[in-house]
Amino acid sequence: MKPIELGRIDLNLLTVLAALMRERHVSRAAQRLHLGQPAVSHALARLRELTGDPLLVRQGRTMEPTERALALMQGLGPALEQIEATFRAQADFEPDRAAPVFRIGLTDDLQIAMLPRLLRALSAEVPRAKLVTLTVCYRNAPRYLDEGRVSAVMAFLKDLPAGAKVRKARTVRFAVLRADTAPGKLSLDDYCRRRHVLVTYAGDLCGTVDETLEQLGRQRDVAFSVPQFGSLPAVLAGSELLATVPEHVAQVLSAQGGGLRHEALPFESPSYQIRLAWRAVTDKDAAEVWLRKAMLRAFD
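Worth saying up front: this structure is predicted, and the values here are computed from it rather than measured.

1. Quick look at the packing of aromatic side chains
One pair of aromatic rings is described through two measures. These are the centre distance and the angle between the planes.
Consideration 1: Taken as a whole, this structure holds 5 aromatic pairs when the rule is applied.
Consideration 2: Ring centres of Phe 174 and Tyr 272 lie 5.7 Å apart, and the angle between their planes is 45°; this geometry places the pair in the tilted category. Here Phe 174 is found in strand E6 (residues 165–178), whereas its partner Tyr 272 is found in strand E11 (residues 271–278), with 98 residues between them in sequence.
Consideration 3: Each residue in the set Tyr 138, Phe 156, Phe 174 and Tyr 272 is aromatic and connected to the rest through ring pairs, giving one cluster.

Here's what the structure looks like:
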């Protein structure tokens, strides 16, 4: 293995290597670093010369790291994050003058329930800010956070990256969303007899509510599944279908009109926690601290 001459190391090369390791693609790494693609390619060539190793090898549309690259990042990654965190903590943040670009991950339901309030807060308090929102779920949120694609995520979360910071946002229960005109509230028998549409990221026909019903010795008829809550107004319109959704989604979609209304479940609702998680390197960044507080307020 070729030893690296410390005097030839440029910190900029290490940031390029970190971006390439995250993106596994020269163009995407260039976008992350706000550089041109030729500059990133040139930096990779210099890194290969320094290490005597290809570092990243093209496989199809992506570039896969070599063992040497993985070993380098295992040691350099924490150091680079500490450097980034140090500079972030010392950066000034004047909300009325700052122009940050925030990148956050939200589940579909939170885009419906809290994103409009967050955008109003941004417009009023940090008018020059820009916001990029990526759709996440419990499956990809930890990876997006770990890869730095977002600085914060709000969702039902599990298996977070080591070192991620986390705070509880809210405990959520479910409600029934319906568009039919039948008077009165649903009984448990009505609920189980009617056909249901399930919103699921997993693409199946069984959810948390079905597990609760099973404990009661009951079963509902899930006829359809869709991947997003935003499609429910169109799916439910003019039908007898029921949708069991988080309360915050039911409240917002009902308030938008279109014949939708919501009511409590005819049995004790299961619950789950929505949490806010963020990258440790942004923990003391004043702009990111403002963002996280605004996200919590928007979902209060």
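Anyway, onward from the coordinates.
2. Observations concerning unusual backbone geometry
Consideration 1: Of note in this structure, Arg 24 is not a glycine but carries a positive phi near 55°.
Consideration 2: By the secondary structure assignment, Arg 24 is in the loop between helix H1 (11–23) and helix H2 (26–33).
Consideration 3: Arg 24 gets classed as partly exposed once you look at its relative accessible area, which sits at 26%.
Consideration 4: Even without glycine at this site, Asp 159 takes up a positive phi of about 55°.

3. Focus on the pattern of salt bridges
Consideration 1: Per the counting criterion, the structure on display carries 15 salt bridges.
Consideration 2: Here Arg 28 ties to Glu 23 by a salt bridge, and the two come within 3.5 Å at their closest N and O atoms.
Consideration 3: Judged by relative accessible area, which is 36%, Arg 28 ranks as partly exposed.
Consideration 4: Residue classification places Glu 23 among the buried positions, given a relative accessible area of 14%.
Consideration 5: We note a salt bridge from Asp 189 to Arg 218, for which the minimum N-O separation is 2.6 Å. One end of the pair, Asp 189, is in helix H8 (residues 188–193); the other, Arg 218, is in the loop between helix H9 (208–215) and strand E8 (221–226), with 29 residues separating them in the sequence.
Consideration 6: Taking relative accessible area as the criterion, Arg 218 reaches 28% and is therefore assigned partly exposed.
Consideration 7: Here the salt bridges do not stand alone but share partners, grouping Arg 178, Asp 180, Arg 194, Glu 240, Arg 261 and Glu 263 into one network.

4. Re the packing of H2 against helix H3 (residues 37–51)
Consideration 1: Two elements in contact, H2 and H3, have axes whose closest approach is 8 Å; the angle formed by their N-to-C orientations is 110°. The angle between H2 and H3 falls in the class roughly perpendicular. Of the residues in H3, those touching H2 at Val 26, Ser 27, Ala 29, Ala 30 and Leu 33 are Gln 37, Val 40 and Ser 41.
Consideration 2: Broken down by class, the residue content of the contact of H2 with H3 amounts to 5 nonpolar, 3 polar and no charged.

Conventions and cut-offs
- Residues numbered from 1 in each chain as written.
- Predicted model: local features only at pLDDT ≥ 70, side-chain atom pairs only at ≥ 80, totals over all residues.
- Heavy atoms only, no water.
- Phe/Tyr/Trp six-rings, centres within 6.5 Å; stacked < 30°, edge-to-face > 60°.
- Helix = DSSP H or I, 4+ residues; strand = E, 2+ residues; numbered from the N terminus.
- Buried < 20%, exposed > 50% of the residue type's maximum accessible area, 1.4 Å probe, protein only.
- Salt bridge = Lys/Arg side-chain N within 4 Å of Asp/Glu carboxyl O.
- Axes fitted to C-alpha atoms, helices over the stretch in contact; angles between N-to-C directions.
- Parallel < 35°, antiparallel > 145°, perpendicular 65-115°, else oblique.
- Contact = heavy atoms within 4.5 Å.
- Nonpolar A, V, L, I, M, F, W, Y, C, P; charged D, E, K, R; others polar.

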